[in-house]
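Next come the chains, spelled out residue by residue.
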Amino acid sequence: MPELLQSRFESESPQTALVLGLPIHLLSDYPAWLLNRAQQGQGVHVVTLNAEMAMQGEQEPSLAAIIRQADLVIPDGIGVVFYLWLRRKRIQRCPGIELAETLIQQSAAVQTPDGRPASLFFFGGAPGVTELAARRWQERVPSVTIAGAEHGYLSAEEQESLKQKLSTLQPSIILVGLGVPRQEKWILENRALCPNAIWIGVGGSFDIWSGSKTRAPEWLRNNGMEWVYRLYQEPWRWRRMLALPKFAWKALIHLGR
Ligand code: UDP
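Residues numbered from 1 in each chain as written. Predicted model: local features only at pLDDT ≥ 70, side-chain atom pairs only at ≥ 80, totals over all residues. Heavy atoms only, no water.

Caption draft 1: Focus on the overall build of the protein. Helix and strand counts for the protein stand at 14 helices and eight strands. Over its C-alpha atoms the protein spans a radius of gyration of 18 Å, differing by no more than 12% from the 18 Å that the globule rule assigns to 257 residues. The buried share of the protein, taken over its 257 residues, is 50%. Once the 27 positive and 24 negative side-chain charges of the protein are each reduced to a mean point, those two points are 8 Å apart. (Helix = DSSP H or I, 4+ residues; strand = E, 2+ residues; numbered from the N terminus. Rg over C-alpha atoms; globule rule 2.2 N^0.38 Å. Buried < 20%, exposed > 50% of the residue type's maximum accessible area, 1.4 Å probe, protein only. Lys, Arg positive; Asp, Glu negative; His and termini not counted. Charge placed at Lys NZ, Arg CZ, Asp CG, Glu CD.)

Right, here's the structure in full:
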């Protein structure tokens, strides 16, 4: 990690804005902040908040509580950015998948306090998919250290051996792709296994990295329309996505609060 980043982020604890009562941390460079934490061996639970998750948090107090205790909540979705823009808070969207990609690409350049290069662990996704995603990253970034990859449909017994593995390996960055809210609950329950690690819920990112699904074309992403593509690719999402107009409505009626 360059020294400049080290000194710039050493003592920075991010400011917070509220989206429907849930925090969003305001930072200009989320990956740099996290890589600095990895370098110092300071554990972080990252939540990637979007409108759908914020609405789910309204229905499920236990999910809202997890979001509130997270060390870093990033603006994953355009809805959250829109909500804050309406309240005169300029913030750039930071999609969780892109944050994870930057961390993977830059992890090899980061040394943890014990002098090892930062390592990664992938957990979640369908059998075969996660291992393929790990292989693809290893080919793309040969210097990356992927300590392990496990799919997200493990038996209770296999889960126990996964936990043993995490305790022994102590990876620096643990990406958990089980979908919301399963991954957030899993991280909260298990983060003590690797207290110095960065834990991030990454949803369906392994599906994208393995090539089994694709992200929306850039022009849709750049226009805040990624959700349209997801609906086209996974029409069964329509019921979940009804949360989006409800969120937009709440963003407007709560204006001034
Ligand atoms: N998944 C998993 N274990 C489960 C349920 C789901 O590993 O028990 C994985 C699933 O294979 C997919 C991801 O979780 O890769 C969920 O992706 P999605 O895009 O639906 O996540 P979300 O929209 O909730 O962030």
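What follows continues from the structure just given.
Caption draft 2: Representation of the pairing of strand β2 (residues 22–26) within the structure. Burial runs high along β2: four of the five residues are buried. The pairing of strand β1 (residues 15–19) with β2 spans five bridges and is antiparallel. Looking at the pairing, A17 lines up with I24 of β2. Connecting the antiparallel pair β1 and β2 is a turn made up of two residues, with L20 showing a positive phi of about 50 degrees. (Pairing = 2+ DSSP bridges.)

Caption draft 3: A nonpolar patch on the surface, seen in detail. A cluster of nonpolar residues, I78, M225, W227 and V228, forms a patch on the protein surface that exposes about 310 Å² of accessible area. By secondary structure assignment, the location of M225 is in the loop between α11 (218–222) and α12 (226–233). (Patch = residues over 30% accessible without salt bridge, like charges linked within 9 Å, V, L, I, M, F, W, Y side chains within 5 Å. Areas by Shrake-Rupley, 256 points an atom, 1.4 Å probe, with all protein chains shown as cover. Salt bridge = Lys/Arg side-chain N within 4 Å of Asp/Glu carboxyl O.)

Caption draft 4: Geometry of the packing of aromatic side chains. Applying the stated criterion to the full structure yields eight aromatic pairs. Their ring planes at 80 degrees and their centres at 5.7 Å tell us that W137 and W209 sit as a pair that is edge-to-face. Here W137 is found in helix α7 (residues 129–140), whereas its partner W209 is found in helix α10 (residues 205–210), with 72 residues between them in sequence. Accessibility assignment for this pair places W137 and W209 in one class, buried. Relative to W199, the ring of W186 has its centre 6.3 Å away and its plane inclined at 50 degrees; by these criteria the two rings are tilted. Within this pair, whereas W186 is found in helix α9 (residues 182–190), its partner W199 is found in strand β8 (residues 198–201), the two being separated by 13 residues in sequence. Cation over ring: R37 sits above W33, and NZ or CZ is 4.2 Å from the ring centre. Directly above the ring of W85 sits R90, whose terminal nitrogen or CZ lies 5.2 Å from the centroid. (Phe/Tyr/Trp six-rings, centres within 6.5 Å; stacked < 30°, edge-to-face > 60°. Lys NZ or Arg CZ within 6 Å of the ring centre and 35° of its normal.)

Caption draft 5: Seen up close, the site of the ligand. Taken together, 16 residues sit near the ligand, with G125, G152, D207, R230 and R237 positioned nearest. Between the ligand and G204, the relevant distance is 3.3 Å, taken from an oxygen atom to a main-chain nitrogen or oxygen of the residue. (Near = heavy atom within 4 Å. Polar contact = N/O pair within 3.5 Å; in protein donor to acceptor, adjacent residues only side chain to side chain.)

Treat this as a map of the structure, not an account of what it does.
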